[in-house]
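These are the residues of each chain, in order.
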Amino acid sequence: MHFERDLNAIGLPTERASVVSRALTACDAALDALHATHVGRVSAWVPGRIEVFGKHTDYAGGQSLLTAVEQGFAVRAAPRSDTQIRIVDAISGAAFTTSLSSHLTAPNGHWSNYIATVVRRIAMNFPAAQTGVDIAFTSDLPIAAGVSSSTALMISVFSAIAAVNDLSMSDTWLRALPTRTALASYMGAVENGGTFNTLAGDAGVGTLGGCQDQTAILCAEKGSVVRYSWMPVSRVSACALPATHRFVVASSGIVAEKSAGARERYNRASLMVRHLLREWNVRHARDDRSLAAAALSSSIAHEQLRAIARHSATHEFTIDALTSRLNQFLLENFTLIPRASNAFRDHDWQALGDTALESQCAAEEWLGNQIVETSALVRIARERGAVAASAFGAGFGGSVWALVAASDAETFQADWRASYISQFPAAAPHAMFFSTNAGPGARVWADEAPGSYSLPL
């Protein structure tokens, strides 16, 4: 197989392509151990992502600045002669077996829940999918760390089943998912349980998020930070990340698992947005689809929304909580994201650093989704000379990005890690640091057509 050549062609640099090529070879060996067929095998590369700016903006209809990392899931899949789905981690040997059924269940907090959610939704929405799949994967993403490892797993499984069943050629697909952004929106709905177009929803994985992660993973552009708006998903612009700079990512080692301990706190932030929007529409006799749409409806809408936050408190949501949630969204979406976009465009690193710090402070003070470790990682990164740094992801644990000069990335990464571990030694076993360019989005290709880099085939 020419895995390395194929990976170079989709935009992974030589060193990373070599690593992922070995991972795909390991996946093939795992499929062989399952006695999977060699006929009709497909490959997939599904990266993690960095939310550069856009903390909890997607489900509020706002905007985000995003990029993919060069770390992610390597996947090999083979068709079966029945409807069984067999999935195995080629490194750890962890496995899960199920079948194409619209009645699947799996325990919350276990990785099999993500797989069952995808398989169940495919069976519901694409009843023509009758071919089972053997899937082997490896991943070098930190788990439950804010880089969207769970979403990347779901997209990996979905892509393998969709490719083997040729779902993109079905009438259902062609009507409901005509573009990659539509596919990203649908994958967000698969995760949160929502209906998308004519494709009915179900329970999802239990989180009330949007489709930011899915869009970043599917629609990332190599070498660029992309700006997207939400509800509906729309590409706004892209800014090239110069070769002189690269991202270093630090996973704090503190689990930020949306399907387990932090899910209620994550959902609370989303529910406050729903509460504010519902009160806005009732009090102003409107039918705005999102908080962002409400905020854009007039020149005084921001102050009107703040008044609603002051006068719509409930037992669950206090005035302070609603006001803080609103303030964070308005600042991040309408001030910081435009400013950061301009800073990337102009290579104004001082402005970018100041903007990232303001975003981080708003997350700590108003959004309330930071922990001591993520705040410390931001502080240490700035002390070590990062151009800019900020936490990202759902929060309540997770990761921090730092933008640094490419020539200093290796030394910076080592120093950042050493300083962090010296202050938080208990995090050492699970903390993970890596550097990355702005990577390409997910791709799937067949052994018989390695030049066909589309998702799905």
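Look above for the structure.
The rules behind each value
- Residues numbered from 1 in each chain as written.
- Predicted model: local features only at pLDDT ≥ 70, side-chain atom pairs only at ≥ 80, totals over all residues.
- Heavy atoms only, no water.
- Helix = DSSP H or I, 4+ residues; strand = E, 2+ residues; numbered from the N terminus.
- Rg over C-alpha atoms; globule rule 2.2 N^0.38 Å.
- Buried < 20%, exposed > 50% of the residue type's maximum accessible area, 1.4 Å probe, protein only.
- Contact = heavy atoms within 4.5 Å.
- Areas by Shrake-Rupley, 256 points an atom, 1.4 Å probe, with all protein chains shown as cover.
- Lys, Arg positive; Asp, Glu negative; His and termini not counted.
- Charge placed at Lys NZ, Arg CZ, Asp CG, Glu CD.
- Core = buried A, V, L, I, M, F, W, Y, C linked by side-chain atoms within 4.5 Å.
- Pairing = 2+ DSSP bridges.
- Axes fitted to C-alpha atoms, helices over the stretch in contact; angles between N-to-C directions.
- Salt bridge = Lys/Arg side-chain N within 4 Å of Asp/Glu carboxyl O.
- Phe/Tyr/Trp six-rings, centres within 6.5 Å; stacked < 30°, edge-to-face > 60°.
- Expected span 1.5 Å × (residues − 1).
- Polar contact = N/O pair within 3.5 Å; in protein donor to acceptor, adjacent residues only side chain to side chain.
- Parallel < 35°, antiparallel > 145°, perpendicular 65-115°, else oblique.
- Left-handed = near helix turned anticlockwise from the far one by under 90°.
- Nonpolar A, V, L, I, M, F, W, Y, C, P; charged D, E, K, R; others polar.

Before we go on, may I ask you to explain the overall build of the protein in this structure?
Helices and strands together make up the secondary structure of the protein, namely 14 helices and 13 strands. Taken against the 2.2 N^0.38 rule, which gives 23 Å for 457 residues, the C-alpha radius of gyration of the protein at 21 Å falls within 12% of a compact globule. Buried positions account for 60% of the 457 residues belonging to the protein. Across the protein, contacts joining residues at least 24 apart in sequence account for 71% of those joining residues at least 6 apart. Accessible surface, the protein: about 16,900 Å² in total, of which carbon and sulfur atoms supply 53%. Distance between charge centroids for the protein: 3 Å, based on 36 positive and 40 negative side chains.

Sorry if this is basic, but what is going on with the nonpolar core here?
Proteins that are soluble and globular tend to have nonpolar side chains buried together. Ranked by internal contacts, the top residues of the largest apolar core, which has 86 residues, are Ile135, Tyr186, Phe344 and Trp401. Looking at this core element by element, the count peaks at 11 residues for helix 4 (residues 149-164). Membership of the second largest hydrophobic core comes to 27 residues, among which are Tyr59, Ala60, Tyr266 and Leu367.

I tried to follow the sheet that holds strand 11 (residues 432-436) on my own but got confused; where do I start?
Sheet strands associate in pairs through backbone hydrogen bonding, adopting either a parallel or an antiparallel arrangement. Reading across the sheet, the four strands line up as 9-10-8-11 and stay open at both edges, with antiparallel pairing between neighbours. Two strands close off the open sheet at either side, each with one partner strand: strand 9 (388-392) and strand 11. When strand polarity is set aside, the average angle formed by the axes of neighbouring strands in this sheet is 20°. Packing of helix 12 (residues 349-367) onto the sheet brings it into contact with strand 8 (245-251), strand 9 and strand 10 (399-405), and relative to strand 9 it is tilted by some 30°.

Please explain the pattern of salt bridges as it appears in this structure.
It is possible for side chains bearing opposite charge to pair when their charged atoms get close. Going through the model one piece at a time under the given rule, you end up with 18 salt bridges. A salt bridge links Asp202 to Arg120; the nearest nitrogen and oxygen atoms lie 2.5 Å apart. Linking Asp202 in the loop between helix 6 (180-192) and helix 7 (212-219) with Arg120 in helix 3 (residues 111-125), this pair joins segments that are 82 residues apart in sequence. The partly exposed category is assigned to Asp202, whose relative accessible area is 22%. Beyond isolated ion pairs, a larger network of salt bridges with shared partners links Asp28, Asp32, Arg41, Arg76 and Asp447.

When you look at the packing of aromatic side chains in this model, what are you seeing that I'm missing?
To describe a pair of aromatic rings, one takes the distance between the centres and the angle between the planes. Enumeration over the complete set of coordinates arrives at 16 aromatic pairs. Between Phe126 and Tyr186 the ring centres are 6.3 Å apart and the planes differ by 85°, which places this aromatic pair in the edge-to-face class. On the criterion of sequence distance, the pair formed by Phe126 in the loop between helix 3 and strand 5 (133-139) and Tyr186 in helix 6 is long-range, its members being 60 residues apart. This pair shows no difference in class: Phe126 is buried, exactly as Tyr186 is. A network of ring pairs unites the aromatic residues Phe126, Phe158, Trp173, Tyr186 and Phe196 as a single cluster.

Got a minute to help me understand helix 13 (residues 372-383) in this structure?
Think of an α-helix as 3.6 residues a turn; residues three or four steps apart then line up on the same face. With 12 residues, helix 13 should reach 16 Å at 1.5 Å per residue; the first-to-last C-alpha distance of 16 Å fits that figure. Every buried residue of helix 13 is accounted for by Glu373, Thr374, Ala376, Leu377, Val378, Ile380 and Ala381. Looking at the buried positions of helix 13, the neighbouring elements they touch are strand 8, helix 12, strand 9, strand 10, helix 14 (409-423) and strand 11.

In this structure, what is going on with the environment of Gly209? I would like to understand it.
Within the fold, Gly209 resides in the loop between helix 6 and helix 7. By relative accessible area, Gly209 is classed as buried at 16%. For the pair Gly209 and Gly61, spaced 148 residues apart in the sequence, the C-alpha separation amounts to 11 Å. Sequence-distant contacts of Gly209, defined by excluding residues within four places in its chain, comprise Tyr59, Asn192 and Tyr266.

What is the right way to read the side chain of Ser112 from this model?
Among the secondary structure elements, Ser112 is positioned in helix 3. A polar contact of 2.7 Å, which involves the side chain of Ser112, links it to the side chain of His110. The residues contacting Ser112, other than those within four sequence positions of it, are Phe96, Ala106 and Pro107.

I tried to follow the packing of helix 1 (residues 3-10) against helix 2 (residues 14-33) on my own but got confused; where do I start?
Orientation of helix 1 relative to helix 2, taken along the N-to-C sense of each, is 130°, at an axis distance of 8 Å. By the angle between their directions, the pair helix 1 and helix 2 is classed as oblique. The two elements helix 1 and helix 2 meet at a crossing, and its hand is right-handed. For the pair helix 1 and helix 2, contact is made by Phe3, Glu4, Leu7 and Asn8 and by Thr14, Ala17, Ser18, Val20, Ser21, Leu24, Thr25 and Asp28, respectively. Residue classes in the contact of helix 1 with helix 2 are distributed as five nonpolar, five polar and two charged.

In this structure, what is going on with the pairing of strand 7 (residues 234-240)? I would like to understand it.
As a general feature of sheets, a regular strand has side chains that alternate between the two faces. Looking at chain direction, strand 6 (residues 224-229) and strand 7 are connected through six bridges and run antiparallel. Paired with Ser229 across the two strands is Ser234, which belongs to strand 7.

I would appreciate a short explanation of the pairing of strand 8 in the present structure.
Within strand 8, seven of the seven residues are buried, which leaves it mostly tucked inside the rest of the structure. Here strand 8 shows a buried face lined by His245, Phe247, Val249 and Ser251 and a second buried face lined by Arg246, Val248 and Ala250. Two elements, strand 8 and strand 10, share seven bridges in a ladder whose sense is antiparallel. Each residue of the ladder has a partner; that of Val249, found in strand 10, is Trp401. Pairing geometry for strand 8 and strand 11, over five bridges, is antiparallel. For Val248, the partnering residue across the bridge sits in strand 11 and is Ser435.

When you look at the environment of Ile50 in this model, what are you seeing that I'm missing?
Along the polypeptide, Ile50 turns up in strand 1 (residues 42-53). With 281 residues separating them in the primary sequence, Ile50 and Leu331 have C-alpha atoms 20 Å apart. Residue contacts for Ile50: discarding those within four places in its chain leaves Leu65, Leu66, Thr67, Val69, Phe247, Val249, Phe392, Trp401 and Thr436.

Looking at this model, I keep getting lost on the packing of helix 3 against helix 6. Mind explaining?
How two helices pack is summed up by the angle between their axes together with the distance between the axes. Two numbers describe how helix 3 lies on helix 6: the axes approach to 9 Å, and their chain directions differ by 115°. The element helix 3 and its partner helix 6 pack so that their crossing is right-handed. When helix 3 is examined against helix 6, the residues Thr117, Val118, Arg121 and Asn125 are found in contact with a partner set consisting of Tyr186, Ala189 and Val190. Of the residues that constitute the contact of helix 3 with helix 6, the class distribution is four nonpolar, two polar and one charged.

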